[in-house]
Amino acid sequence: LKQLQALADAFASIPKPSASDARALESIRSRIALVGRMSEADLDSFLTATGRMGIAQRALAQGKTEGAVEALQAFIQEMEKLGDRAPQLLARTALSDLFYKRGRLDEARAQFEAKLALERELGYRMGELGSLSGIAEIHRLQARYDDSLKQTEAALEIAVEIGDRV
């Protein structure tokens, strides 16, 4: 909790924070509030899930996928139970990438779609752009060209809105 507060203080001291900095600060502050309200059992679950997420991310970075899917899914379930939405994005990103690389396109699309719903809920426009692009690519690979075009157009609208040069 002290480390989160120190991080929040560092973000709060930025003279002219970007929108991304402001969202990061808001996320940190909501995490501080969430952790502060947790029972001891919930805090234990949170820390265990966070540890699993770290192990899964490290394994994936080393190219070791065995057990990573289960750990990431358990992390998502625990965060859902605790009502902590933002950390699920990292796990869903890892799962969508893993499923995509393994050719499990329907599962990858499901993760991109779940991630997109969270990003819309949290107002992460850049994340929406990435998720829509991922969904469009999967539709293209599955020869669902009309669906691919719709997702690509939605992604381009966001890119124009946020000033991203695609």
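See the structure shown above.
Below: a short report on this structure. (Residues numbered from 1 in each chain as written. Predicted model: local features only at pLDDT ≥ 70, side-chain atom pairs only at ≥ 80, totals over all residues. Heavy atoms only, no water.)

The end-to-end C-alpha distance of helix 7 (residues 125-141) is 24 Å, a good match for the 24 Å that 17 residues give at a rise of 1.5 Å each. Listed as buried for helix 7 are Gly127, Glu128, Leu129, Ser131, Leu132, Gly134, Ile135, Ala136, Ile138 and His139. If you follow the buried residues of helix 7, they end up packed against helix 5 (87-101), helix 6 (105-122) and helix 8 (145-162). Just beyond helix 7, the residue with positive phi is Ala143, at close to 60°. (Helix = DSSP H or I, 4+ residues; strand = E, 2+ residues; numbered from the N terminus. Expected span 1.5 Å × (residues − 1). Buried < 20%, exposed > 50% of the residue type's maximum accessible area, 1.4 Å probe, protein only. Contact = heavy atoms within 4.5 Å.)

With 15 residues, helix 5 extends 22 Å between its outermost C-alpha atoms, agreeing within 8% with the 21 Å of an ideal straight helix rising 1.5 Å per residue. Burial in helix 5 covers these residues: Pro87, Gln88, Leu89, Ala91, Arg92, Ala94, Leu95, Ser96, Leu98 and Phe99. Gly103 occupies a position one or two residues after helix 5 and carries a positive phi of about 80°.

This part is about the packing of helix 6 against helix 7. Put simply, helix 6 and helix 7 touch, their axes get as near as 9 Å, and they point 155° apart. Taken together, the axes of helix 6 and helix 7 lie roughly antiparallel to each other. For the pair helix 6 and helix 7, the crossing hand works out as left-handed. Here Leu105, Ala108, Arg109, Phe112, Glu113, Lys115, Leu116, Glu119 and Arg120 of helix 6 lie close against helix 7, whose contacting residues are Gly127, Glu128, Gly130, Ser131, Leu132, Gly134, Ile135, Ile138, His139 and Leu141. Of the residues assigned to the contact of helix 6 with helix 7, the class counts are eight nonpolar, five polar and six charged. (Axes fitted to C-alpha atoms, helices over the stretch in contact; angles between N-to-C directions. Parallel < 35°, antiparallel > 145°, perpendicular 65-115°, else oblique. Left-handed = near helix turned anticlockwise from the far one by under 90°. Nonpolar A, V, L, I, M, F, W, Y, C, P; charged D, E, K, R; others polar.)

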